[in-house]
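# Architecture and fold: a report
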Amino acid sequence: MMNSLALIGKKYIDTILNVNTILFNETNNCSLVKRNGGIYNFFDIQDYELKIKTFEFGKKEAFIINEGNTSSRTSFVKTIESSRVSSVEIKNINNLFDWAHVCYLDDLEDYDGLNELSCPFSIDFCTNKDRTQYIELMNKSEIIFDSRERKRLYDNYILNSPLLLHDEKGIEIIVKGKIVYKDKMKPVQNLNVNGAGDIYAGFFIQNYFKKDLKDSAQCAMLETTRALLKRKNNEEV
């Protein structure tokens, strides 16, 4: 398989409340959507060139508030089934896929099986949990994704692997404790940003088969914004 991607993570069942502006202590009109989230956010983009397959370990329920006016999201989560990553399945992934992406590493309770990963892989995070226990896997990975608002969690670590931080204002790449690349963009208002980090990771990985680190990061930033704008236009139809 060429340019094939294995997505590793929990199965998320999302209940999404879409509102324009939250008025606290008042009645708010909203629309309600139920769907699979987490690793399934990658499939929000239909024009990937990647061949993607999911590998689910554990299950979680998420309740998400999308506030359109500020292009922000707030989530509340509940574990339904704890994760135990199978080393057997990981070994199969090594043989069949060009790349593996571990979605929300800090959300997996038992991830020992990931130590068997030998194909190129990337990881990302979804909480502000201390990163110390993940140092070994982070240093083995090709790339680490995280939100720039959690940058402080990496202050005490000099990582071997590039750390790619992103938010609505741009991107930042840190290698061995030093910023090697930054790019910025003007935030776009009134977007549904649920799953934006997953979409960004998907575009980056696809680009990284053909481009270098900086170009992949920049292209993914622009492509993610275009994808979110396309999503907005489809929602408004």
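Our subject in this report is the structure included herewith. (Residues numbered from 1 in each chain as written. Predicted model: local features only at pLDDT ≥ 70, side-chain atom pairs only at ≥ 80, totals over all residues. Heavy atoms only, no water.)

### Section: the environment of Gly9
What counts is decided by this rule: The secondary structure listing takes helices from DSSP runs of H or I that are at least 4 residues long and strands from runs of E that are at least 2 residues long, numbered from the N terminus.
Tracing the chain through its elements places Gly9 in strand β1 (residues 4-19). The spatial distance from the C-alpha of Gly9 to the C-alpha of Gly58 is 7.7 Å, given a sequence separation of 49 residues.

### A word on the pattern of salt bridges
Filter applied, for reference: Whenever a carboxyl oxygen of Asp or Glu lies within 4 Å of a side-chain nitrogen of Lys or Arg, that contact is scored as a salt bridge. Classification of residues uses two cut-offs on accessible area relative to the type maximum, computed with a 1.4 Å probe and protein chains only: under 20% is buried, over 50% is exposed, and between them is partly exposed.
A full pass over the atoms with the stated rule returns 13 salt bridges. Residue Lys60 is joined to Asp107 by a salt bridge in which the shortest nitrogen-to-oxygen separation is 2.4 Å. With Lys60 in strand β3 (residues 51-67) and Asp107 in the loop between β5 (99-102) and β6 (121-124), the pair connects residues that are 47 residues apart, well separated along the chain. Each member of the pair, Lys60 as well as Asp107, is classed as buried. Put simply, Asp146 and Arg150 hold a salt bridge, and the shortest N to O gap is 2.8 Å. Like Arg150, Asp146 is buried. It is possible to trace a salt-bridge network through shared partners that takes in Asp106, Arg131, Asp146, Glu149 and Arg150.

### Considering the pairing of strand β4 (residues 72-81)
Stated formally: Two strands are said to pair when DSSP picks up at least two bridges between them.
Bridge count between β3 and β4: nine bridges; the pairing is antiparallel. Pairing of Glu67 across the sheet is with Ser72, part of β4. Counting the residues between successive antiparallel strands, the hairpin from β3 to β4 contains four residues, one of them, Ser71, with a positive phi of roughly 50 degrees.

### Structural notes on the side chain of Ser141
Counted only if it meets this: Contact between two residues is taken to exist if any of their heavy atoms lie within 4.5 Å; hydrogens are not considered.
Positionally, Ser141 belongs in the loop between α2 (135-140) and β7 (143-147). Ignoring sequence-local partners within four residues, the contact set of Ser141 consists of Phe121, Ile123 and Ser161.

### Some thoughts on the packing of aromatic side chains
One pair of aromatic rings is described through two measures. These are the centre distance and the angle between the planes. Rule in force here: The pairing test for Phe, Tyr and Trp rings, Trp by its six-membered ring, is centres within 6.5 Å, and the orientation test on the planes gives stacked under 30 degrees, edge-to-face over 60, and tilted for anything in between. Whether a charge sits over a ring depends on NZ of Lys or CZ of Arg being within 6 Å of the ring centre and within 35 degrees of the ring normal.
Throughout the structure, instances matching the rule amount to ten aromatic pairs. Three or more aromatic residues joined by ring pairs make a cluster, and in this case those are Trp99, Phe145, Tyr200, Phe204, Tyr208 and Phe209. Above the face of the Phe125 ring, Arg131 is positioned so that its terminal group lies 4.1 Å from the ring centre.

### Some thoughts on the layout of surface pockets
Quick note on the threshold: Definitions used throughout: a 1 Å grid over protein atoms alone; a cavity as a set of points that fits a 1.4 Å probe which cannot get out; a pocket as an open set with protein on both sides within 12 Å along at least five of seven lines; a lining residue as one with an atom within 4 Å of a point. Grid points are joined across faces, edges and corners, and a volume is the space filled by probe spheres set on the points. Residue type decides the class: Asp, Glu, Lys and Arg count as charged, Ala, Val, Leu, Ile, Met, Phe, Trp, Tyr, Cys and Pro as nonpolar, and the leftover types, Gly among them, as polar.
Space inside the largest pocket adds up to approximately 1200 Å³. If you trace the largest pocket, you find 47 residues lining it, with Arg73, His166, Val193, Ala196 and Gly197 closest to the centre. Listing elements by their share of the lining of the largest pocket, those giving two or more residues are β1, β3, β4, β7, β8 (163-167), β9 (170-175), α3 (196-208) and α4 (213-236). With five residues, the top contributor of residues to the lining of the largest pocket is β4. Of the residues that constitute the lining of the largest pocket, the class distribution is 18 nonpolar, 17 polar and twelve charged. What the second largest pocket holds in volume is close to 370 Å³.

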